[in-house]
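# Fold and geometry: a report
Below, each chain spelled out in residue letters.
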Amino acid sequence: MQIRGVLAPNPGPFTLDGTNSYVVRDADGVWVVDPGPGIASHLDALAAAIAAIGGPWRGVLLTHDHGDHAEGVPGLLDRAGAAPVHAARGAVDVVLADGDTLGPFSVVATPGHAPDHLAFVVGEELLSGDSVLGRGSVFVWPTPGALSGYLAALQRLRELPLRRIHPGHGPLVADAHAKLDEYRAHRLTREAALISALANGHRTIDALLDDVWSEVPAVLRPAAAVTLAAHLDKLDEERRLPAGVERPAVPETDSPEV
Ligand SMILES: [Zn+2]
């Protein structure tokens, strides 16, 4: 079994160095997880990697349908040949759900960053998409139950015998368990800081962001507001939210990076 990352040239505040597309080869053939953005040079490189690795071309899996992961699907199929596309939602050939298996992959639902988000386990390797990044943290999209669902997904991943994480953005993670612990601790630290900001009387979005997300650069503040909304939802669901807290307006799309 082989996993080869191909980095797309779409760096940015949300995508870090760019999107990592992965070519996965096992005894039965070759797959791509997240073709990435529709950038011709990237799709050429991905098609070349598929050809170099060789083996029957089995198709595409998507961790989620944000443009920086999914936009390249048609361009990749043009280059590599028609093959089924697998994802949790959208106009795809095969809809995947938690617990499914496909070729060498086991599917783990990892809602949080996007409601349709999936991670793929291959042996002791995790292809995490945007549920866990190689550095920094992800933003959580505030659909109902998103943050509690995300924390539960991190916990489920933590219980698997994983060795490494191949993330959607950022470098390979050599110690999967340590990274998953770090991610869970990060979210719980934010929650504790938010609870104390609320206890100190802060009620506006600006005051809460200034207090709890003070280190976040201006360009990421709207994403921090989205994550704040998910944290407030969780406290509300748990009946721990005081009255009179201003709630961030959430944009229509769950894909602010495109
Ligand atoms: Zn992404």
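Residues numbered from 1 in each chain as written. Predicted model: local features only at pLDDT ≥ 70, side-chain atom pairs only at ≥ 80, totals over all residues. Heavy atoms only, no water.

## A look at the overall build of the protein
Check the secondary structure of the protein and you find 7 helices and 11 strands. Taken over C-alpha atoms, the radius of gyration comes to 19 Å for the protein, in line with the 18 Å a tight globule of 258 residues would show. The buried share of the protein, taken over its 258 residues, is 51%. Restricting to contacts in the protein with at least 6 residues of sequence separation, those with at least 24 account for 62%. For the protein, the accessible surface area stands at approximately 10,500 Å², while carbon and sulfur atoms represent 54% of it. Computed over 20 positive and 33 negative side-chain charges, the separation of the two mean positions in the protein equals 5 Å. (Helix = DSSP H or I, 4+ residues; strand = E, 2+ residues; numbered from the N terminus. Rg over C-alpha atoms; globule rule 2.2 N^0.38 Å. Buried < 20%, exposed > 50% of the residue type's maximum accessible area, 1.4 Å probe, protein only. Contact = heavy atoms within 4.5 Å. Areas by Shrake-Rupley, 256 points an atom, 1.4 Å probe, with all protein chains shown as cover. Lys, Arg positive; Asp, Glu negative; His and termini not counted. Charge placed at Lys NZ, Arg CZ, Asp CG, Glu CD.)

## What to know about the sheet that holds strand β6 (residues 94–95)
One open sheet holds the 6 strands; their spatial order is β1-β2-β3-β4-β5-β6, and the pairing between them is mixed. Two strands lie at the open edges of the sheet, namely β1 (2–7) and β6, each paired on one side alone. Here helix α1 (residues 40–53) sits on the sheet in contact with β1, β2 (20–26), β3 (29–33) and β4 (57–61), set at roughly 160 degrees to β1. Against the sheet, helix α3 (residues 73–80) engages β3, β4 and β5 (85–87), with an angle of about 175 degrees to β4. (Pairing = 2+ DSSP bridges. Axes fitted to C-alpha atoms, helices over the stretch in contact; angles between N-to-C directions.)

## Digging into the environment of Leu147
Along the chain, Leu147 turns up in helix α4 (residues 146–158). The exposure class of Leu147 is buried, given its relative accessible area of 2%. Sequence-wise, Leu147 and Val107 are 40 residues apart; in three dimensions their C-alpha atoms are separated by 20 Å. Contact partners of Leu147, with chain neighbours within four places excluded, come to Val140, Arg187, Ala230, His231 and Lys234.

## Quick notes on the nonpolar core
Formed by 22 residues in total, the largest nonpolar core has its most connected members in Leu126, Tyr150, Leu162, Ile165, Leu180 and Tyr183. Listed by contribution, the elements that provide at least two residues to this core are β9 (118–122), α4 and α5 (176–199). Sorting elements by how many residues they give to this core places α4 first, with 6 residues. Ile165 has contacts with Leu126, Ser128, Val132, Leu172, Val173, Ala176, Lys179 and Leu180, leaving out every residue within four places of it along the chain. (Core = buried A, V, L, I, M, F, W, Y, C linked by side-chain atoms within 4.5 Å.)

## Concerning the packing of α5 against helix α6 (residues 205–212)
It is the contact of α5 with α6, at a shortest axis distance of 10 Å, that shows an interaxial angle of 130 degrees. With respect to α6, the axis of α5 lies oblique. Between α5 and α6 lies a crossing whose hand is right-handed. Residue-level contacts link Arg190, Ala193, Leu194, Ala197 and Leu198 of α5 to Leu208, Asp211 and Val212 of α6. (Parallel < 35°, antiparallel > 145°, perpendicular 65-115°, else oblique. Left-handed = near helix turned anticlockwise from the far one by under 90°.)

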